[in-house]
Amino acid sequence: RWLACRSLPPGALESIADALADRLRVPWFAGAVRVNVSLAPPLLLLPLLLHLASLHFLLGLLVLTSLPVVVLWYYYLTHRRKERTLFFLSLGLFSLGYMYYVFLQEVVPRGHVRHSQVVALTCGLILMLAALSRAKRDPGYLPIPAGSEKPSHQGLPSKGVRGSAASGVASSRAVNGEAKGYSRMAADEPEGVKKDWCAKCQLVRPARAGHCRLCGRCVRRLDHHCVWINSCVGEQNHQAFILALSFFMLTSVYGITLTLHTICRGRTPFVALFYCPGVYSDYSSALSFTCVWYCAIVTAGMGYILLIQLLNISYNVTEREARLALRDNTGRRLLGGLVIDTGQYNRGFLCNWGHFLSLGSSPPQRSAEDIV
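Every residue gets a number counted from 1 within its own chain, in the order that chain's sequence is written. For this predicted model, a pLDDT threshold of at least 70 governs which residues receive local features, and a threshold of 80 or more governs which side-chain atom pairs are given and counted, while totals over whole chains, interfaces and linings are taken from all residues. Think of the side-chain values as coming from all heavy atoms in the structure, minus any hydrogens and water.

So, about the state of the cysteines. To count as a disulfide, a pair of cysteine sulfur atoms needs to be within 2.5 Å. Under the defined criterion, the tally for this structure stands at one disulfide. Disulfide pairing places Cys264 opposite Cys276 at an S-S distance of 1.6 Å. Between Cys264 and Cys276 the sulfur-sulfur dihedral comes to about -100°; the bridge is accordingly left-handed. Placement of the pair is Cys264 in the loop between helix H6 (238-263) and helix H7 (269-274) and Cys276 in the loop between H7 and helix H8 (283-314), with a sequence separation of twelve residues. Three labels apply to residues, based on accessible area from a 1.4 Å probe with only protein chains included: buried if under 20% of the type maximum, exposed if over 50%, partly exposed otherwise in between. Assessed through its relative accessible area of 3%, Cys264 is described here as buried. Given a relative accessible area of 10%, Cys276 falls into the buried group. No disulfide involves Cys198; its sulfur sits 3.4 Å from that of Cys218, the nearest cysteine. The thiol of Cys201 is not disulfide-bonded; the next cysteine sulfur, from Cys218, is found 3.6 Å away. Residue Cys201 is classed as buried on the basis of its relative accessible area of 2%. Numbering of helices and strands runs from the N terminus; a helix is a DSSP stretch of H or I covering at least four residues, while a strand is a stretch of E covering at least two.

Structure below.
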């Protein structure tokens, strides 16, 4: 087509990319295993870009400025297409491994880091990975009713009409070949506890549950879909998610401090981060300093996420509820807009945290209607 100066038919490039992705497989004992294409860019580009940034201050400034822009661009691209990707999980895990490798190879041999500090950093990394592994498990998916087919991603968005105690039995009617859901409520539902009907999953959702467009499932107390763990954050894994973020912040700040104390001796970590003369005269120091700045950028982003999460927990509001409150103009902006207080579940700071710490402690109760 290029030689003949004719344009490709619509969808040709997408078909070629899908075919190449399907053919990319690794031989294995039980058969060839398909390799996700999104895993490759972080493994190949991150070491190359960091080593390139270590050659000169201006190159470092260019690379470390462009990396967040590229990551944000790819996030908005996949978010708009409603696609799941392993790119962010691969980038996060490989960044942790590569930073730890650089620390052991370039910083520890200088002799200014004690073995106890290396052990403390390693323990923090292991605890963070353990919490991350727990956060990757079931976030609290609602069971799909027996006999129903796999939820379709092509249907119309569910308009969850809030039911009342007088609502009738749930039904799902086909209109022009598309499912349209109608809310249903049990007759003995207590006043103030609302449930609604999900037309895509064909089930009744309890209060605060929501449907994830990327996972195609309903999740109890859905907070948000986190691209960094490639999973939803819900009732069953929210505590592990907060724990993983906290361990990451502590470990990252500790590693940055140890590295700056080694390559910029005699200066406080904050001053050394912005002023470390002679660091680019030695390639080993330049690489360590570049990795410190990369860690600082990632830590700042994760710190903002952790701050928002802690504020939401303090007001007992989820990211999904805050987003819906902003859309419907039913919430109050507090602390400069960092948190949206819906007022629906807020019972005070201590009660809110007590409710969060008790999430997932008891199995969810099933109504007689669900059992039948």
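Stacked, edge-to-face and tilted are the three classes for Phe, Tyr and Trp ring pairs, Trp counted by its six-membered ring, which pair at centre distances within 6.5 Å; planes under 30 degrees apart are stacked, over 60 edge-to-face, the rest tilted. Scanning the model with the defined rule gives 15 aromatic pairs in all. Judged by centre distance (5.5 Å) and plane angle (75°), the rings of Phe88 and Trp228 are edge-to-face. Highlighted residues: Phe88 in helix H4 (residues 87-107) and Trp228 in the loop between strand S9 (224-226) and strand S10 (231-233), separated in sequence by 140 residues. Taken together, the aromatic side chains of Tyr74, Tyr75, Tyr76, Phe87, Phe88 and Trp228 make up a single cluster linked through ring pairs. Comment: the charge-over-ring label is applied if NZ (Lys) or CZ (Arg) is within 6 Å of the ring centre and within 35 degrees of the ring normal. The lysine or arginine in question, Arg208, covers the ring of Tyr345, its NZ or CZ lying 4.0 Å from the ring centre.

Of note in the backbone geometry, Cys5 takes a positive phi value of approximately 60° without being a glycine. Along the polypeptide, Cys5 turns up in the segment before helix H1 (12-23). The class for Cys5 is exposed, based on a relative accessible area of 71%.

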